[in-house]
Amino acid sequence: MRRRAVVLTGLVIAATLVPVTAAVAVDDVNTNKLRNAVTVNGILQHERVLQRISNDNGGTRASGTPGFEASADYVKDQLTGAGYVVSEQEFEFPFFQELAPATLDQVSPTETSYETATLEYSGSGEVTGALVATTNVVIPATEEPSSASGCAVGDFVPADSVEPQVALIQRGTCTFAEKVAAATEAGYDAAVMFNEGNPGRTELLTGVTIGEPVAIPVVGISYADGVALYEATQAGPVSVAVSTDVITETRTTRNIIADTPKGDPDKVIVVGAHLDSVLAGAGINDNGSGTSAILETAIQMSQKHVKPRQQVRFAFWGAEESGLLGSTHYVDNLTDAELSTIYANLNFDMLGSTNYVRFVYDGDGSADPDGLAGPPGSAQIESIFDQYFAGQGLATAPTAFDGRSDYGPFIAAGIPAGGLFSGAEGIKTEEEAAVFGGTAGEPYDACYHAACDDMSNLSTAALNELGDATAHAVMTLAKTKSGFFEDGSRMSLAPQISVDDFDYRGSQLLR
Ligand SMILES: [Zn+2]
């Protein structure tokens, strides 16, 4: 499987972009009335309710918690009151919570403690035993192609059937899920995953997921610590103690789905935002901002009597933070007939980052290292946003379809997608600060996935600009007469992205 560059370097200002493919532009729709109605104040009114819900429910709105349920009830009430046809879609998911930080100690020949982190969906428990490296560790790390440590069962020295053994595995090539499955099959009782060692892959391995619950404890460490432990194992027997303390249990969550009563039901625009936060906080930027922006757009479309030509389906996804589970459940459960009615997906995940960039999803593949584009129509969606912002004198930058949000399952089904993003934990570059303002060298959102993602963690300028662009794109796709394609359905000439190209599932790295 190919691995794509995670960080896109080089800023492309969309206004000066020459499109990679000659996309047929969607016809202009006058969206003034709706944009004037969708205000920062209107968005903030919903955000305040979400903050109060979090305050009243233990400081979180994560799926599987009462804070999520109250958020869902609020959104449902608002949409019902605005005249939408509202339904909900319940589903079960593996709820995962870390109860205490992981530990990793070398017990012998010398006692050493290592900085470590629990991988998402790790098993829980304590294992003390011999540390055994896979046979194909690559030290020093090479440029790509990288380590394939532990991708196959044959990479492991068969584990002792009596004494506990801990696998030492290097990141690289296949997914963490595949490495853990192979270690388990080879008979190991725990796994220590160290970072790969090539540029950008040296730090403590954190923010990664196994994707689904596993039985054995799995922790991450830095490349340097991995090298130290690896060299120790080559010198003689090494014993380590690994501990994780987590709960994984099946819980229920839901998607809230609201259809406009009018509009062509055979051409449905799915406008999505994830409703859940992480357990760590209220999620007022991630993703109270996208939630509130599409909720306010829905309410104002109703109040201003916007008559959609295409039906608009506002979707508030559950369990995005557990791996895009709500949007995946939705797409997976569409019948063939229903799937054929979905015309496009717009996704809004984080619109109020305090150190923001106006990122537009890279539908035409202009920023992809391999020129991979979204499904046909995605380039036109990108250009709706880019042209709108250009008309406002505002720069944009493309952001990769890398699997980090709920467009993922739509793209995987070949549905054109697009949307906005104001930036997460990534660091603003000098070039971006020169174009967009803000502070270079600082994260776009310093409170990403943290307790401080509260009402103070919002840029009202970002909400204003991206909120208006949200209303513009929703109304343009709702009312367009031309659609994406000329007669004969001119297709994109660019090679298309595949779900196998994604490095992420939600916020967590897959490989
Ligand atoms: Zn998010």
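This report concerns the structure included in the present document.

What counts as what
- Residues numbered from 1 in each chain as written.
- Predicted model: local features only at pLDDT ≥ 70, side-chain atom pairs only at ≥ 80, totals over all residues.
- Heavy atoms only, no water.
- Helix = DSSP H or I, 4+ residues; strand = E, 2+ residues; numbered from the N terminus.
- Rg over C-alpha atoms; globule rule 2.2 N^0.38 Å.
- Buried < 20%, exposed > 50% of the residue type's maximum accessible area, 1.4 Å probe, protein only.
- Lys, Arg positive; Asp, Glu negative; His and termini not counted.
- Charge placed at Lys NZ, Arg CZ, Asp CG, Glu CD.
- Donors = N, O, S within 2.8 Å, 3.2 Å for Na, K, Ca; no water.
- Tetrahedral: all angles 85-135°; square planar, octahedral: opposite > 155°, others 65-115°.
- Contact = heavy atoms within 4.5 Å.
- Phe/Tyr/Trp six-rings, centres within 6.5 Å; stacked < 30°, edge-to-face > 60°.
- Axes fitted to C-alpha atoms, helices over the stretch in contact; angles between N-to-C directions.
- Parallel < 35°, antiparallel > 145°, perpendicular 65-115°, else oblique.
- Left-handed = near helix turned anticlockwise from the far one by under 90°.
- Disulfide = S-S within 2.5 Å.

Here the focus is the overall build of the protein chain. The secondary structure content of the protein chain amounts to twelve helices and 16 strands. Taking 2.2 N^0.38 as the reference for a compact globule, 511 residues should give roughly 24 Å; the C-alpha atoms of the protein chain span a radius of gyration of 23 Å, in line with that estimate. With the C-alpha coordinates aligned to their principal axes, the bounding extent of the protein chain is approximately 75 × 50 × 45 Å. When the 511 residues of the protein chain are sorted by exposure, 58% land in the buried category. A gap of 13 Å separates the mean positions of the 28 positive and 66 negative side-chain charges of the protein chain.

Time to look at unusual backbone geometry. For residues that are not glycine, phi is negative in most cases, and the peptide bond is trans in most cases. At the junction of Ser108 and Pro109, the peptide bond is cis and its omega measures out at 10° in the coordinates. In this fold, Pro109 is placed in the loop between strand E1 (85-108) and strand E2 (112-114). The phi dihedral of Thr173 falls on the positive side, at around 70°, and the residue is not glycine. The backbone phi angle of Ala319 is positive, close to 55°, even though this residue is not glycine. Its place among the elements puts Ala319 in the loop between strand E10 (310-317) and helix H7 (325-332). A relative accessible area of 0% places Ala319 in the buried class.

This part takes up the coordination of the zinc ion. The zinc ion binds to the protein through His274 (NE2), Asp286 (OD), Asp349 (OD) and Asp349 (OD), with metal-donor distances spanning 2.0 to 2.7 Å. Relative to the metal, the four donor atoms surrounding the zinc ion lie at angles of 53 to 150°, and the coordination shape comes out irregular. Taken in sequence order, the residues that donate to the zinc ion follow the motif H-x11-D-x62-D. With His274 in strand E9 (residues 264-274) and Asp349 in the loop between strand E11 (342-348) and strand E12 (359-361), the pair connects residues that are 75 residues apart, well separated along the chain.

If you trace the backbone, Thr65 turns up in the loop between helix H2 (40-56) and helix H3 (66-81). Residue Thr65 is classed as buried on the basis of its relative accessible area, which comes to 9%. Every residue in contact with Thr65, bar those within four places of it in the chain, is listed here: Thr60, Phe95 and Leu279.

Our next topic: the packing of aromatic side chains. One pass over the full model with this rule turns up 15 aromatic pairs. Taken together, a centroid distance of 6.4 Å and an interplanar angle of 80° make the contact between Phe93 and Phe95 edge-to-face. For Phe93, a relative accessible area of 2% gives the class buried. Considering the side-chain rings of Trp317 and Tyr330, the 5.3 Å spacing of their centres and the 50° angle between planes classify their relative orientation as tilted. Of this pair, Trp317 sits in strand E10 while Tyr330 sits in helix H7; the two residues are 13 residues apart in sequence, bridging distant segments of the chain. Of the residues examined, Trp317 reaches a relative accessible area of 0% and is grouped as buried.

So, about the packing of H3 against helix H6 (residues 288-303). Running from N to C, H3 and H6 point in directions that differ by 15°, and their axes come no closer than 10 Å. Of the possible angle classes, the one that applies to H3 and H6 is roughly parallel. Here H3 and H6 pass one another in a crossing that is left-handed. Mapping the contact onto sequence places Tyr74, Val75, Gln78 and Leu79 in H3 and Thr291, Leu295, Ala298 and Ile299 in H6.

A full pass over the atoms with the stated rule returns two disulfides. Note on cysteine connectivity: Cys151 is disulfide-linked to Cys174, with sulfurs 2.1 Å apart. The chirality of the disulfide connecting Cys151 with Cys174 is left-handed, given an S-S dihedral of about -95°. With Cys151 in the loop between strand E4 (125-133) and strand E5 (165-170) and Cys174 in the loop between E5 and helix H4 (176-185), the pair connects residues that are 23 residues apart, well separated along the chain. Residue classification places Cys151 among the partly exposed residues on the basis of a relative accessible area of 25%. Taking relative accessible area as the criterion, Cys174 reaches 9% and is therefore assigned buried. A disulfide bridge connects Cys447 with Cys452, and the sulfur atoms are separated by 2.1 Å. Here the S-S torsion is close to -110°, and the disulfide linking Cys447 with Cys452 is therefore left-handed. By relative accessible area, which is 13% here, Cys447 ends up buried.

Nothing here speaks to function; it is geometry throughout.
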